[in-house]
Every structure is written in structure tokens, then in C-alpha cells.
Amino acid sequence: MTPDALALLHTHLLAALRDAPAETRRLFHGRGRCWPGLEQLTVDWLQGVVLVSLFKEPEAVQLDALQQLLRNLCTSSEWQQAGAHTLALQHRYLPQSTTEWLWGQMVEELTITEGGLLYRIDLGKKQNSGLFLDMRYGRNWVREHARGLRVLNLFAYTCGFSVAAIEGGAEHVVNVDMARGALSRGRDNHRLNGHDLGKVSFLGHDLFKSWAKVTGNGPYDLVIIDPPSFQKGSFLLTKDYQRVLRRLPDLLTPQGTVLACMNDPAFGEDFLIEGVTREAPGLRFEQRLANPPEFPDIDPQSGLKALVFRQG
């Protein structure tokens, strides 16, 4: 983070605050490597709360300069005009992803809006807040295509896809995730939006030990696969994704659809296309969903991949 890079960041954030979004959005995405010197930094707008995340430890002098820049941002007319009140700096490179509050009061929980839907997120306690903002178009796609469908949401986390599906008129959604706390937050998200929980199931199990349960609730018209790239002891992308793909023929209806997602910069879309062709040859690749414009990437294959496949 050179002085020139930080000056660019300051200018970018002032412009973003002048036109602050009405809903939650990323304001700056350095991870896409479009701004030299800022590759390990992101800034999110959480409707009054600004969350800055650092993914690599900077030199002490660089950290001091960044903190001063952010405090100066909080005294600007643009900050006041946007209605911002709190700024948090999350050190993602630390084991506990320690968060320091540079401006305003600590906010542990917050309800945010995306596409008119409400989601409850956590701040300062966990590495991830509870909603991955780069998947906005994926949730939109599910909402637009879910009417009347039975949906299986694998690696459901806090059930963002499930909320979108039920809002879009899905008949039923089965959410599977071994983190029961995340599924509990998923229930909260459905309640926030006034959804009928009788249309939603939550299976807090290790997927690879629970195929009978998952298959028994099928078949499904839409299967969503959005695993972590790596989760110690539970998921390794290069080994475990194919284990999921080979189960698809047993999970899907004859005209079923799959939304397969991956966010590992080391693998492009061919990893998924070739994997589906090999493990579930009855499915054909239809399209890759665009990523939101606020997530620019110098290499499109490094960003989020969300691919649609259909039977037949």
C-alpha cells in the first residue's frame, strides 16, 4: 500500500460515498487486482456501516497510513452525506480475523438489505459476516427461476439462496450444512422476510455422511452447489467437488437444473464444466452467470464462477 495507492483508495471511497447505494454493496474490490498496491483490501457498504477488510498483513507504517486515511474519511462531508456512522477494520490475516472499530460504536449484529430482502449478519465475531456479496446475481437468478420448484441447497451456510428461492415462489427448499449455527441464522433470515418455514427444511449434517437423507427428500428440480474452496476436515475442492457432482443423477428430476458455484481463483470455469461432463454426463452446460460490476477482476477466470447446467 504505497502513498499513491492509498490516495487512489481515498478518492475512490469519497466518490462511492457521494453516491452511496440504498442497499448493501461492495464499494471497493482490490482482490480483483485491478488496482496495484491494493490487492489485499476490500471495502463493503453495510447501509451505514463501512467494513474494510485486510487479507494480508501490511507493514506497520502502511497500516498506520491506512488507519489515518480511514479516520479522515469519517470526518468528510461525503461520509456525513451518505449517512455513514460506523467504520470497522477487519484483519482477515489474523487467526481470529480481529476487527477494530475506528469510528462509531461496535455493531455485533446488523440487518442488511439486498434486492428488497433482509439478511441478518454478524460483525466483529467471525471471519465472514453471513452473506457473500459477490453472489448477488446468483441469488437473483435463483429468485427468478424458482417458482414451483423443489430446491436442494447444498453447503447452505446462512441460507441466502433459500431465502431467494422461497421469495421467488419455490415449493420447498432443503438446506444442507454441517454448521448448525449457520442454519439457525438461515431460519432467522427466512423469518425476517415473513416466509412460511413449513416450506423450508434444515439438515445440519455432514453431506458426505448423509446422502440417504438428502436423496430421500428428492428428487429436486434445482440443485445449488456452493461449497467453500477449502474447509479443514470437511471439504477439499479438488477431491470433494467431484463426489458431489457424481450424485447429481440421483438427485435431479428428468428436467432438473444445477447451479454449480466456485470461488477459488486457482481454478477456472473449465474445472466445473469438465467435472460435470465426467461425473454427470446427462447434464449440459447452459451459461455462466455474470458477476456484479462492483467485483472487477483482471482475469475473469479468477473471480466467482456460477454455472448453470440442465438435464437433457
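Naming follows an unreviewed UniProt entry, where the protein chain appears as Class I SAM-dependent methyltransferase of Pseudomonas hygromyciniae.

(A) Structural context of the overall build of the protein chain. Helix and strand counts for the protein chain come out as 10 helices and 16 strands. The C-alpha atoms of the protein chain give a radius of gyration of 20 Å, which matches the 20 Å a tight globule of 312 residues would have. By principal-axis analysis of the C-alpha atoms, the protein chain measures approximately 60 × 40 × 35 Å. Counting every position in the protein chain, which comprises 312 residues, the buried fraction comes to 52%. The long-range share in the protein chain, meaning contacts at least 24 apart out of those at least 6 apart in sequence, stands at 63%. About 13800 Å² of surface is accessible on the protein chain, with carbon and sulfur atoms providing 49% of the total. The positive charge centre, built from 33 side chains, and the negative charge centre, built from 35, are 6 Å apart in the protein chain.

(B) View of the sheet that holds strand β1 (residues 25-29). Judged by pairing direction, the sheet is mixed, and its five strands sit side by side in the order β1-β2-β3-β4-β5 without closing on themselves. With partners counted over all chains shown, the strands left at the sheet margins are β1 and β5 (99-103), one partner each. Ignoring which end each strand starts from, the neighbouring axes of this sheet average 20 degrees apart. Across the sheet, helix α1 (residues 3-18) is in contact with β1 and β2 (41-46); its angle to β1 comes to roughly 160 degrees.

(C) Geometry of empty space enclosed by the protein. Scanning the model with the defined rule gives one cavity of 30 Å³ or more in all. Its boundaries defined by the atoms lining it, the largest cavity holds a volume of some 40 Å³. The wall of the largest cavity is formed by Glu 114, Gly 115, Leu 117, Tyr 119, Arg 139, Asn 140, Arg 143 and Ala 164. Elements with a minimum of two residues in the lining of the largest cavity: β7 (117-122) and α4 (136-145). Sorting elements by how many residues they give to the lining of the largest cavity places α4 first, with three residues. Grouping the amino acids of the lining of the largest cavity by side-chain chemistry returns three nonpolar, two polar and three charged.

(D) Quick peek at helix α8 (residues 237-245). Regarding α8, the residues found buried are Leu 237, Asp 240, Tyr 241, Val 244 and Leu 245. All buried residues of α8 lie within an arc of 145 degrees about the axis, which places them on one face of the element.

(E) A look at the side chain of Asp 44. Take Asp 44: it is sitting in strand β2. When its relative accessible area of 7% is taken as the criterion, Asp 44 is described as buried. Within the structure, the side chain of Asp 44 is placed 2.6 Å from the side chain of Arg 26, a separation counted as a polar contact. Not counting chain neighbours up to four residues away, the residues in contact with Asp 44 comprise Arg 25, Arg 26, Leu 27, Val 49, Val 50, Leu 51 and Leu 133.

(F) Representation of the packing of aromatic side chains within the structure. By the definition in use, this model includes nine aromatic pairs. Across from the ring centre of Phe 208, 4.0 Å away, lies the NZ or CZ of Arg 243, which sits over that ring.

(G) Molecular detail of the pairing of strand β14 (residues 252-262). Most of β14 sits inside the fold, with nine of its 11 residues counted as buried. Taken together, the five bridges between strand β11 (residues 220-225) and β14 define a ladder with parallel strand orientation. Note that in β14 the partner of Val 223 across the bridge is Val 258. For β14 and strand β16 (residues 305-311), the ladder comprises six bridges, and the chain directions are antiparallel. Note on β16: the bridge partner recorded for Ala 260 is Leu 307.

(H) Highlighting the pattern of salt bridges. Within this structure, the stated rule accounts for 17 salt bridges. Where Glu 269 meets Arg 288, a salt bridge forms, and the shortest distance between an N and an O atom there is 3.1 Å. Here Arg 288 lies in strand β15 (residues 283-288) and Glu 269 lies in the loop between β14 and α10 (270-279), a separation of 19 residues in the sequence. Among the residues examined, Glu 269 registers a relative accessible area of 18% and is labelled buried. By relative accessible area, Arg 288 is classed as partly exposed at 22%. Sharing partners across several salt bridges, the network here consists of Glu 109, Arg 120, Asp 122, Arg 185, Asp 188 and Arg 191.

Definitions and limits used
Residues numbered from 1 in each chain as written. Predicted model: local features only at pLDDT ≥ 70, side-chain atom pairs only at ≥ 80, totals over all residues. Heavy atoms only, no water. Helix = DSSP H or I, 4+ residues; strand = E, 2+ residues; numbered from the N terminus. Rg over C-alpha atoms; globule rule 2.2 N^0.38 Å. Buried < 20%, exposed > 50% of the residue type's maximum accessible area, 1.4 Å probe, protein only. Contact = heavy atoms within 4.5 Å. Areas by Shrake-Rupley, 256 points an atom, 1.4 Å probe, with all protein chains shown as cover. Lys, Arg positive; Asp, Glu negative; His and termini not counted. Charge placed at Lys NZ, Arg CZ, Asp CG, Glu CD. Pairing = 2+ DSSP bridges. Axes fitted to C-alpha atoms, helices over the stretch in contact; angles between N-to-C directions. 1 Å grid on protein atoms, 1.4 Å probe; cavity = no way out; pocket = protein on both sides within 12 Å on 5 of 7 lines; lining within 4 Å. Points joined across faces, edges and corners; volume = space filled by probe spheres on them. Nonpolar A, V, L, I, M, F, W, Y, C, P; charged D, E, K, R; others polar. Arc of directions from axis to C-beta. Polar contact = N/O pair within 3.5 Å; in protein donor to acceptor, adjacent residues only side chain to side chain. Phe/Tyr/Trp six-rings, centres within 6.5 Å; stacked < 30°, edge-to-face > 60°. Lys NZ or Arg CZ within 6 Å of the ring centre and 35° of its normal. Salt bridge = Lys/Arg side-chain N within 4 Å of Asp/Glu carboxyl O.

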